[in-house]
Amino acid sequence: MVARHRLQIQLKALESSIMEQAQRIVNYKIAKELEHSTEKTDQSFSKKVYVYKHQHTGRTSINCRSCKRTCHGGCWVPLDVLTWTCESIVDGKCTVCENNCSIKDHDREKYEYMLTLEKRVFTVAEFVKSFEESFLEFLKTINKVNVLIKELASKALRPDVLSTQGYIEHIIKENNEEKQEDYEPRGKVLTKVRDYIDKGDLIWNLKLSHLIKK
Ligand SMILES: [Zn+2]
Ligand SMILES: [Zn+2]
Ligand SMILES: [Zn+2]
(Lines give C-alpha, C1' and ligand atoms only; values in the text may rest on other atoms or scores of the structure.)
(Ligands and ions follow the chains in the order given, each with its own letter.)
Protein backbone atom coordinates (compact mmCIF):
# COMPACT_ATOMS: atom_id res chain seq x y z
CA MET A 1 0.00 0.00 0.00
CA VAL A 2 2.78 2.39 0.99
CA ALA A 3 4.67 1.57 -2.20
CA ARG A 4 1.56 2.29 -4.25
CA HIS A 5 1.15 5.70 -2.62
CA ARG A 6 4.78 6.47 -3.20
CA LEU A 7 4.47 5.70 -6.91
CA GLN A 8 1.42 7.97 -7.09
CA ILE A 9 3.32 10.81 -5.37
CA GLN A 10 6.23 10.37 -7.78
CA LEU A 11 3.90 10.43 -10.79
CA LYS A 12 2.09 13.53 -9.54
CA ALA A 13 5.39 15.40 -9.17
CA LEU A 14 6.30 14.66 -12.81
CA GLU A 15 3.17 16.41 -14.13
CA SER A 16 4.67 19.87 -13.71
CA SER A 17 7.94 18.82 -15.40
CA ILE A 18 5.94 17.68 -18.42
CA MET A 19 3.97 20.94 -18.55
CA GLU A 20 7.16 22.97 -18.23
CA GLN A 21 8.86 21.05 -20.99
CA ALA A 22 5.82 21.19 -23.28
CA GLN A 23 5.99 24.98 -23.04
CA ARG A 24 9.66 24.84 -23.97
CA ILE A 25 8.76 22.84 -27.08
CA VAL A 26 6.19 25.51 -28.00
CA ASN A 27 8.89 28.20 -27.68
CA TYR A 28 11.33 26.08 -29.63
CA LYS A 29 8.89 25.89 -32.52
CA ILE A 30 8.68 29.69 -32.64
CA ALA A 31 12.48 30.03 -32.41
CA LYS A 32 12.85 27.58 -35.29
CA GLU A 33 10.38 29.53 -37.41
CA LEU A 34 12.29 32.75 -36.72
CA GLU A 35 15.53 31.00 -37.58
CA HIS A 36 14.08 30.03 -40.97
CA SER A 37 12.53 33.39 -41.77
CA THR A 38 15.63 35.46 -41.06
CA GLU A 39 19.37 35.13 -41.28
CA LYS A 40 19.91 36.98 -38.04
CA THR A 41 19.93 34.32 -35.35
CA ASP A 42 21.30 36.80 -32.83
CA GLN A 43 17.98 38.64 -32.77
CA SER A 44 16.14 38.37 -29.52
CA PHE A 45 12.58 37.27 -28.90
CA SER A 46 10.57 37.25 -25.74
CA LYS A 47 8.44 34.31 -24.71
CA LYS A 48 6.69 33.02 -21.63
CA VAL A 49 8.40 30.18 -19.81
CA TYR A 50 7.28 28.23 -16.79
CA VAL A 51 9.14 28.98 -13.59
CA TYR A 52 8.56 27.48 -10.17
CA LYS A 53 7.33 30.06 -7.63
CA HIS A 54 7.26 29.40 -3.91
CA GLN A 55 3.66 30.27 -3.10
CA HIS A 56 1.44 30.07 -0.06
CA THR A 57 -1.30 27.51 -0.67
CA GLY A 58 -2.69 26.92 2.80
CA ARG A 59 -2.28 23.16 2.54
CA THR A 60 0.69 21.34 3.99
CA SER A 61 3.31 20.07 1.58
CA ILE A 62 6.80 18.63 1.67
CA ASN A 63 9.14 20.81 -0.38
CA CYS A 64 12.80 20.49 -1.30
CA ARG A 65 14.88 23.63 -0.66
CA SER A 66 17.69 22.38 -2.84
CA CYS A 67 15.62 21.42 -5.94
CA LYS A 68 13.04 24.16 -5.29
CA ARG A 69 10.24 21.72 -6.01
CA THR A 70 7.23 20.33 -4.21
CA CYS A 71 7.84 16.67 -3.54
CA HIS A 72 4.52 15.87 -1.89
CA GLY A 73 1.72 18.38 -2.34
CA GLY A 74 -1.04 17.97 0.22
CA CYS A 75 0.99 15.81 2.58
CA TRP A 76 -0.89 14.43 5.57
CA VAL A 77 2.10 14.26 7.94
CA PRO A 78 0.90 16.20 11.03
CA LEU A 79 4.20 17.42 12.57
CA ASP A 80 7.64 18.57 11.39
CA VAL A 81 9.38 15.91 13.47
CA LEU A 82 7.38 13.27 11.60
CA THR A 83 8.41 14.40 8.10
CA TRP A 84 10.38 11.17 7.77
CA THR A 85 7.06 9.28 7.77
CA CYS A 86 5.97 10.95 4.51
CA GLU A 87 5.66 8.23 1.90
CA SER A 88 7.97 10.10 -0.45
CA ILE A 89 10.84 9.59 2.04
CA VAL A 90 12.65 6.25 2.28
CA ASP A 91 15.63 5.77 4.61
CA GLY A 92 16.06 9.53 5.07
CA LYS A 93 16.14 10.21 1.34
CA CYS A 94 13.50 11.65 -0.97
CA THR A 95 12.31 9.33 -3.73
CA VAL A 96 10.77 12.25 -5.68
CA CYS A 97 13.86 14.48 -5.95
CA GLU A 98 15.92 13.81 -9.04
CA ASN A 99 19.06 13.29 -6.93
CA ASN A 100 17.26 11.72 -3.97
CA CYS A 101 18.04 14.68 -1.71
CA SER A 102 18.33 14.16 2.03
CA ILE A 103 15.32 14.67 4.28
CA LYS A 104 17.34 17.59 5.79
CA ASP A 105 16.82 19.56 2.56
CA HIS A 106 13.07 19.28 2.96
CA ASP A 107 10.57 21.52 4.71
CA ARG A 108 7.06 20.78 5.77
CA GLU A 109 5.22 24.03 5.06
CA LYS A 110 2.03 25.59 3.78
CA TYR A 111 3.74 26.60 0.55
CA GLU A 112 4.20 24.90 -2.79
CA TYR A 113 6.43 25.47 -5.78
CA MET A 114 3.81 26.36 -8.36
CA LEU A 115 4.30 26.63 -12.11
CA THR A 116 3.92 30.25 -13.18
CA LEU A 117 4.36 31.71 -16.66
CA GLU A 118 6.93 34.50 -16.85
CA LYS A 119 8.34 36.48 -19.72
CA ARG A 120 11.95 35.83 -20.67
CA VAL A 121 14.10 37.22 -23.47
CA PHE A 122 16.32 34.93 -25.55
CA THR A 123 18.28 35.15 -28.73
CA VAL A 124 17.02 32.67 -31.30
CA ALA A 125 20.35 30.84 -31.59
CA GLU A 126 20.74 30.55 -27.83
CA PHE A 127 17.27 29.14 -27.38
CA VAL A 128 17.47 26.61 -30.22
CA LYS A 129 20.82 25.30 -29.03
CA SER A 130 19.93 25.02 -25.36
CA PHE A 131 16.65 23.32 -26.11
CA GLU A 132 18.04 20.77 -28.54
CA GLU A 133 20.50 19.82 -25.83
CA SER A 134 17.81 19.44 -23.21
CA PHE A 135 15.25 17.51 -25.29
CA LEU A 136 16.66 14.25 -23.97
CA GLU A 137 15.44 15.37 -20.52
CA PHE A 138 11.90 15.40 -21.86
CA LEU A 139 12.23 11.84 -23.18
CA LYS A 140 13.73 10.78 -19.85
CA THR A 141 10.73 12.24 -18.02
CA ILE A 142 8.26 10.40 -20.28
CA ASN A 143 10.26 7.22 -19.83
CA LYS A 144 10.17 7.66 -16.06
CA VAL A 145 6.37 7.99 -16.23
CA ASN A 146 6.28 4.79 -18.27
CA VAL A 147 8.34 2.89 -15.70
CA LEU A 148 6.30 4.20 -12.74
CA ILE A 149 2.98 3.39 -14.45
CA LYS A 150 4.10 -0.17 -15.15
CA GLU A 151 5.19 -0.58 -11.54
CA LEU A 152 1.94 0.88 -10.30
CA ALA A 153 -0.10 -1.30 -12.65
CA SER A 154 1.61 -4.39 -11.26
CA LYS A 155 0.38 -3.41 -7.78
CA ALA A 156 -3.07 -2.16 -8.75
CA LEU A 157 -6.36 -3.95 -8.44
CA ARG A 158 -7.34 -2.83 -11.92
CA PRO A 159 -4.08 -2.55 -13.87
CA ASP A 160 -5.98 -2.13 -17.15
CA VAL A 161 -7.00 1.45 -16.29
CA LEU A 162 -3.41 2.64 -15.91
CA SER A 163 -1.47 3.76 -18.96
CA THR A 164 1.05 6.41 -19.91
CA GLN A 165 -1.40 7.65 -22.57
CA GLY A 166 -4.05 8.07 -19.86
CA TYR A 167 -1.57 9.98 -17.70
CA ILE A 168 -0.70 12.38 -20.57
CA GLU A 169 -4.40 12.68 -21.38
CA HIS A 170 -5.01 13.85 -17.80
CA ILE A 171 -2.33 16.56 -18.17
CA ILE A 172 -3.87 17.67 -21.51
CA LYS A 173 -7.27 17.94 -19.83
CA GLU A 174 -5.91 20.07 -16.97
CA ASN A 175 -3.97 22.25 -19.42
CA ASN A 176 -7.10 22.84 -21.50
CA GLU A 177 -9.24 23.58 -18.46
CA GLU A 178 -6.79 26.02 -16.89
CA LYS A 179 -6.49 27.91 -20.20
CA GLN A 180 -3.21 29.61 -19.27
CA GLU A 181 -1.39 31.47 -22.03
CA ASP A 182 -0.27 29.21 -24.92
CA TYR A 183 -2.49 26.38 -23.72
CA GLU A 184 -3.55 25.55 -27.27
CA PRO A 185 -0.09 24.94 -28.76
CA ARG A 186 0.90 23.18 -25.51
CA GLY A 187 -2.15 20.93 -25.81
CA LYS A 188 -1.17 20.13 -29.41
CA VAL A 189 2.36 19.12 -28.40
CA LEU A 190 1.05 16.90 -25.61
CA THR A 191 -1.54 15.31 -27.91
CA LYS A 192 1.27 14.41 -30.33
CA VAL A 193 3.18 12.82 -27.47
CA ARG A 194 0.10 10.83 -26.42
CA ASP A 195 -0.61 9.65 -29.99
CA TYR A 196 3.02 8.65 -30.42
CA ILE A 197 2.90 6.52 -27.26
CA ASP A 198 -0.43 5.09 -28.43
CA LYS A 199 1.29 3.67 -31.51
CA GLY A 200 3.57 1.71 -29.22
CA ASP A 201 6.84 3.05 -30.67
CA LEU A 202 9.93 3.31 -28.51
CA ILE A 203 9.92 6.61 -26.61
CA TRP A 204 13.64 7.19 -27.38
CA ASN A 205 12.80 7.37 -31.10
CA LEU A 206 10.44 10.30 -30.65
CA LYS A 207 11.87 13.22 -32.62
CA LEU A 208 11.61 16.85 -31.66
CA SER A 209 10.81 17.66 -35.32
CA HIS A 210 7.73 15.42 -35.07
CA LEU A 211 6.40 17.40 -32.11
CA ILE A 212 6.68 20.77 -33.86
CA LYS A 213 5.22 19.60 -37.19
CA LYS A 214 2.02 21.35 -38.24
ZN1 LIG B 1 15.65 17.82 -3.83
ZN1 LIG C 1 3.80 13.19 2.35
ZN1 LIG D 1 12.24 15.78 -2.38
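See the structure above.
Summary of the structure given here. Residue positions are given per chain, counting from 1 as you read along its sequence in written order. Numbering of ligands from 1 and lettering of chains from A proceed in the order in which they are written. Only residues with pLDDT of at least 70 are given local features in this predicted model, and only at 80 or more are side-chain atom pairs given and counted; all residues enter the totals for whole chains, interfaces and linings. The side-chain quantities take in all heavy atoms of the structure and omit both hydrogens and water.

## Brief notes about a nonpolar patch on the surface
Quick reminder of the rule: Two distance rules govern patches: like charges are joined within 9 Å, and nonpolar side chains (Val, Leu, Ile, Met, Phe, Trp, Tyr) within 5 Å, applied only to residues with over 30% relative accessible area and no salt bridge. Surface accessibility in these figures is a Shrake-Rupley result with a 1.4 Å probe; residues are shielded only by whichever protein chains are displayed. The salt bridge criterion pairs a side-chain nitrogen of Lys or Arg with a carboxyl oxygen of Asp or Glu, the two atoms within 4 Å. The numbering of helices and of strands both runs from the N terminus, where a helix is a DSSP run of H or I of at least 4 residues and a strand a run of E of at least 2. To sort residues, take the accessible area from a 1.4 Å probe on protein chains only and compare it with the maximum for the residue type: under 20% means buried, over 50% means exposed, and anything in between is partly exposed.
There is a patch of nonpolar side chains on the surface, built from Leu136, Leu202 and Trp204 and spanning about 310 Å² of accessible area. One can find leucine 202 in the loop between helix 4 (183-198) and helix 5 (208-212). Given a relative accessible area of 54%, leucine 202 falls into the exposed group.

## What to know about the coordination of the zinc ion (ligand 1)
Our working definition: For Na, K and Ca the donor cutoff is 3.2 Å, while for all other metals N, O and S atoms must lie within 2.8 Å; water is not among the atoms, so some sites may look incomplete.
At this site the zinc ion (ligand 1) is bound by Cys64 (SG), Cys67 (SG), Cys97 (SG) and Cys101 (SG), with donor distances of 2.3 to 2.4 Å. Between the donor residues of the zinc ion (ligand 1), the gaps in sequence give the motif C-x2-C-x29-C-x3-C. Between the zinc ion (ligand 1) and the zinc ion (ligand 3) the interatomic distance amounts to 4.2 Å, and cysteine 97 serves as a bridging ligand to the pair. On the criterion of sequence distance, the pair formed by cysteine 64 in strand 1 (residues 44-64) and cysteine 101 in the loop between strand 4 (93-94) and strand 5 (106-123) is long-range, its members being 37 residues apart. Classification of cysteine 64 as buried rests on a relative accessible area of 0%. Classification of cysteine 101 by relative accessible area gives buried; the value is 9%.

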